[in-house]
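# Structural description and commentary
Single-letter residue listing:
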Amino acid sequence: MARAISTRRKVTFTILGWTIGFLIFFPVLWTVLTSFKTEGTAIATPPQFLFFDWTMENYVAVQNRSNYMRHMSNSIVISVGSTLIGLLVAIPAAWAMAFSPTKRTKDVLLWMLSTKMLPAVGVLVPIYLIFRDWGLLDGLAGLTAVLTLINLPIIVWMLYTYFREIPGEILEAARMDGASLAKEIVYVLTPMAVPGIASTMLLNIILAWNEAFWSLNLTASRAAPLTAFIAAYSSPEGLFWAKLSAASTLAIAPILVLGWFAQRQLVRGLTFGAVK
Amino acid sequence: MMTPAVVLLLAWMIVPLGMTLYFSLLRYNLLMPGMEEWTGLDNYTYFLTDPAFTAALVNTLLLVGGVLLITVVGGLLLALMLDQPFWGSGLVRLLVIAPFFVMPTVSALVWKNMLMHPVNGLFAWLARLFGLRPVDWFADLPLFSIILIVAWQWLPFATLILLTALQSLDEEQKEAAEMDGAGAASRFIYIVLPHLARAITVVILIETIFLLSVFAEILVTTNGGPGVQTTTITYLVYMQALLQFDVGGASAGGIIAVILANIVAIFLIRLIGRNLDR
């Protein structure tokens, strides 16, 4: 029996919901708006909301004055790279745990998770020294490796929860019908595993893209991804709000879109299956 | 097939952590190479008796506690709101979760400059509009300002998880209670809250793990200052290591941070482990 919902109640919640949603989203909206202002309009009092001379000059300036595209491509290389390497290592592990679990599987899974809970400062000193001695500081390879490792537990865990939902009987049925191992993988397993792998990939790209601790500590200029590059706008003399906004808008836009697609995976990936 | 993953994670955990532990027992400063010597627990005594440590511990607890309070209460209210049927609720949900996807350096700088700036910021303009004196956020309330920024980033996480839990609640149970004459308040207290208890615990534990490591927001806004007013344990260890080059002291601090995080992690791992059996 569905309860009748009064129109009045629905109207009230529509107004309330949109107001609160707007307020929470406002800082993002404000950043986007400011990115189209001149520096003068950006700091004007009273603030200009919509009726100002829209300009693209900040986007041009950000590209010209800094090597913006380089930092953007660093972010892409690091986030996509660390996710792909992570998947390569994690898929076999998660597969084994989901389809041929042993007594130790649960302990291994939980132990993997516990490495994720290790605070970064606990290993900051040795990692920094190793990077310095091996010439990895301010390089893409080292940072990609670190991000692979810090996100590996989440990747394994997420894949495990997805793989576990694939019914084992279906494999047996395929085998009974005479499918070879190769056919089994191509026609049965892959189609069932791909959605889970894709979701895992999406969430991990987002996490790696926004990672700031290691990015800030292990890169300087050459290999800095966008998180570290934007931090350069914190110096008081370098404060140009409109340019900061343009750089920020470019940095968050792609991931915001991905994030909106990934909202379901977010709950699954970050609560480790504890909330369904 | 598990071997590569296990070996990698084992190496990642054991090797650096072992090195940190070893360094923490040495007098070792990068500015004085070749002078390393065994000092036993001196670094720990030094780190723990440093007045900055007490301040950092208090700041860390205030930051974690403050953000948890705002996000859990706010997230609960938001989840209850989003659970109601209204026009465009899907779109509103997208607006509400957006902050989670904004990188920490961007949200910190946008809040600090464009919203909280005492002269040109939007909050200052709003305050003057209502005839109030604008707050100089980062000068007068530095830690609270950081709490607000971090809470804004984590509010979507709490909301989304509580909303997921809320939606798994059996509607019929609520209806049955309603027919038995239970009011909205008692339905919330006796049916909804107990159902959410587990999700709330998960939110608290997971957020705590991540919040103990808040770093970028402090680095780009206050650098731990003024004085040590916004220095957390994480930031203190960073300063000791990369600004003062005190490898020994920073390592001792790192180990202490690991111990603190583990206190929370044990509960979280147990909770997840129990869930795995079902």
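Attention in this report is confined to the structure presented alongside it.

Summing up its helical and strand segments, chain A has 13 helices and zero strands in all. Reading chain A from its N end, one meets helices and strands in the order α-α-α-α-α-α-α-α-α-α-α-α-α. What you see for chain A is a C-alpha radius of gyration of 24 Å, clearly larger than the 19 Å of a compact globule of 276 residues, by over 25%. C-alpha atoms of chain A, sized along the principal axes, occupy 75 × 70 × 35 Å. In chain A, buried positions account for 44% of the 276 residues. Residue pairs at least 24 apart in sequence account for 79% of intrachain contacts in chain A once pairs closer than 6 positions are excluded.

Now for unusual backbone geometry. Residues and elements named next belong to chain B. The residue after Gly 225, namely Pro 226, is reached through a cis peptide bond having omega -5°. Turning to its location among the elements, Pro 226 is positioned in the loop between α11 (216-221) and α12 (233-243). In this model, Asn 223 sits at a positive phi of 55°, which is unusual for a non-glycine residue. One non-glycine residue, Phe 245, lies in the positive phi region at around 55°. With respect to the helices and strands, Phe 245 occurs in the loop between α12 and α13 (247-277).

Turning next to the interface of chain A and chain B. Chain A puts 84 residues into the contact, and the matching count from chain B is 82 residues. Counting residues per element, the side of chain A that touches chain B draws most heavily on helix α1 (residues 7-34) of chain A, at 16 residues.

We now examine the packing of helix α3 (residues 51-82) of chain B against helix α10 (residues 184-211) of chain B. Residue and element names in this part refer to chain B. Interhelical geometry of α3 versus α10 gives an angle of 145° and a closest axis separation of 10 Å. For the pair α3 and α10, the sense of crossing is right-handed. Across the interface between the two elements, Leu 63, Val 64, Val 67, Leu 68, Thr 71, Val 72 and Gly 75 of α3 pack against Ile 200, Val 203, Ile 204, Glu 207, Thr 208 and Leu 211 of α10. For the contact of α3 with α10, the class distribution of residues is nine nonpolar, three polar and one charged.

Let us look at the nonpolar core. Residues Ala90(A), Leu124(A), Val156(A), Leu159(A), Val150(B), Ile161(B) and Leu162(B) are the most contacted members of the largest nonpolar core, which totals 156 residues. Two domains each put at least three residues into this core: domain 1 (7-59) and domain 2 (68-270) of chain A. Those residues in contact with Leu124(A) that lie beyond four places of it in its chain are Asn217(A), Val237(B), Tyr238(B), Ala241(B) and Gly254(B).

Basis of the calculations
Residues numbered from 1 in each chain as written. Chains lettered and ligands numbered in written order. Predicted model: local features only at pLDDT ≥ 70, side-chain atom pairs only at ≥ 80, totals over all residues. Helix = DSSP H or I, 4+ residues; strand = E, 2+ residues; numbered from the N terminus. Rg over C-alpha atoms; globule rule 2.2 N^0.38 Å. Buried ≥ 20, exposed ≤ 12 C-beta atoms within 10 Å, placed from the backbone. Contact = placed C-beta atoms within 7 Å. Axes fitted to C-alpha atoms, helices over the stretch in contact; angles between N-to-C directions. Left-handed = near helix turned anticlockwise from the far one by under 90°. Nonpolar A, V, L, I, M, F, W, Y, C, P; charged D, E, K, R; others polar. Core = buried A, V, L, I, M, F, W, Y, C linked by C-beta atoms within 7 Å. Domains from an automatic or database assignment.

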